[in-house]
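# Structural overview for review
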Amino acid sequence: MLELLTSDRSDRYRRVVRGAVDRTADRLAAVTAPTTDTPAAVLRQRVAAVDLDRPLGSAEAAVAEVDDLFTAEAVWFHDPGYLAHLNCPVAVPAVAAEAVLAAVNPSVDTWDQSRIGTEIERRTVRWVTDAIGFPTGDGVFTSGGTQSNLHALLLARQAATAPLRAGDRAHRSPALDDLVVFATASSHFSVRKSAMLLGLPERAVVDVAADAAGRMRPDALAHAIADARREGRTPAAVVATAGTTDRGCIDPLEAIADVCDLEDVWLHVDAAYGCGLLVSPTRRHLLAGIGRARSVTADFHKSFFQPVSSSALLVRDPEDLRRASWHADYLNPEDADEPNQVDKSLQTTRRFDALKLWATLRASGAEAIGRAFDAVLDVTERVHEHVAAHPDLVLVAPTQLSTVLFRWQPDGVSDAEADALVAPLRAALLAEGRVLVAKTVIDGRPCSKLTLLNPTTSTTQVVAALDHVVDTAARLHASGVPSTAGTTTGATR
């Protein structure tokens, strides 16, 4: 029998969910590492062995299986050894709100499916737009930064190709093939993916030159826009980044906004990573100029410590959201009196993710969120100092947020040897499960990467994790993993 959540089964719901919560809390209390050392092949075998056509017969049995199969092998982002990606421990009020969402199951696409949920989302969006500096702005929650960036570039495309008034440029709208989006090599991959999905050619995304820290150069942007116009192409948007994924750098938003205002080009700020600075008591100035953007991406499931998913696209002018509106008589007729959020969103059925941020703001307040993000950045600064002074490590690049780019390369180890060790080092650490790091490529060379996003992790704990990374790298190098055959020449440190 399929068990459905109805009024007469509220006690049953309470027992099943309480059992799941108890099991998860027990697992949480027992965590001593970010994940286990179970080999990937064994994990695949366990999943493959489950016969989905043979049900277990009860919710309790299914919950127990989830606990044994998934939770026991989960990756725990709150553990101090988790240093790999932009994942955060989550605010307890938001987790409670997530449980409410799962049970009530609202969809905030139309007013009649959510009623007060629509009002809560709209009020939360207004709070965010005020924080950005959009006093009359608007926005909508999305599934993540990729969707928010796609939505922003769709609006920019629509604005750039809107029918022109008589007398303007021979009354002709620019063709999609002529549109240009300006970004940098460090911009999120979703910028190029969005351009593809929007029907723009591969050449549409132009990488603007960056400074030594990876930040877009406003003078180079001005030249790139002028070059595009000389070629008969139409600048559609500039994507500035407030927190690049690898370097954690912030483009000079004020100066970029000056160029965009002068050239009348849509400025989108991808603040998926750096949005926590909006509520920082000490570092809000790093986002100076963000209120001059036309649209902004904010990922609350990063630096606002919200459960996935919780993101939003915010716009300075609410009318811009209408550029992608579509109406259906059965859903959101154009003459509807109700505020239907589907008018603003790329999605139809859509989760009420705003409730999680609402609950966090009501429980703890914006300043507490900002202090938590500041704590992360304070630790990052000290970790950078430690890496820079470490005899066996090379600090690859500075950051303005919470990434640490480094390479294990003691004296006598060649560049080629150090580069070749980056991938095996990450793989060995992941297989062990004690410390998780990421890898990337900076200026053509591979390097290791930490991303700090846990305000409860101390400098001492990160340094201890780095000590383990150094020991593991030394052991791998001594054992010849990777093989150094043919890689012993070249520069040495």
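Residues numbered from 1 in each chain as written. Predicted model: local features only at pLDDT ≥ 70, side-chain atom pairs only at ≥ 80, totals over all residues. Heavy atoms only, no water.

Bringing a nonpolar patch on the surface into the picture now. Where nonpolar side chains cluster on the molecular surface, the patch consists of Leu5, Tyr13, Val17 and Val21 and spans about 320 Å² of accessible area. For Val17, the position within the fold is in helix α1 (residues 10-29). (Patch = residues over 30% accessible without salt bridge, like charges linked within 9 Å, V, L, I, M, F, W, Y side chains within 5 Å. Areas by Shrake-Rupley, 256 points an atom, 1.4 Å probe, with all protein chains shown as cover. Salt bridge = Lys/Arg side-chain N within 4 Å of Asp/Glu carboxyl O. Helix = DSSP H or I, 4+ residues; strand = E, 2+ residues; numbered from the N terminus.)

Under the criterion given, the structure shown has one cavity of 30 Å³ or more. Of the volumes computed, that of the largest cavity is approximately 90 Å³. Along the walls of the largest cavity sit 13 residues, with Leu83, Leu452, Leu453, Asn454 and Thr457 positioned nearest its centre. The residue makeup of the lining of the largest cavity, split by class, is eight nonpolar, four polar and one charged. (1 Å grid on protein atoms, 1.4 Å probe; cavity = no way out; pocket = protein on both sides within 12 Å on 5 of 7 lines; lining within 4 Å. Points joined across faces, edges and corners; volume = space filled by probe spheres on them. Nonpolar A, V, L, I, M, F, W, Y, C, P; charged D, E, K, R; others polar.)

Moving on, we come to the sheet that holds strand β7 (residues 311-315). Read from one edge of the open sheet, seven strands run β1-β7-β6-β5-β4-β2-β3, paired in mixed fashion. Two strands close off the open sheet at either side, each with one partner strand: β1 (138-142) and β3 (205-207). On average, adjacent strands in this sheet sit at an angle of 20° to one another, irrespective of strand direction. Where strand β4 (residues 234-241) and strand β5 (residues 266-271) come together, five bridges link them in parallel fashion. Pairing of Val239 across the sheet is with His268, part of β5. Each of β1, β6 (295-299) and β7 is contacted by helix α6 (residues 116-132), which is oriented at about 115° to β1, the strand it contacts most. (Pairing = 2+ DSSP bridges. Axes fitted to C-alpha atoms, helices over the stretch in contact; angles between N-to-C directions. Contact = heavy atoms within 4.5 Å.)

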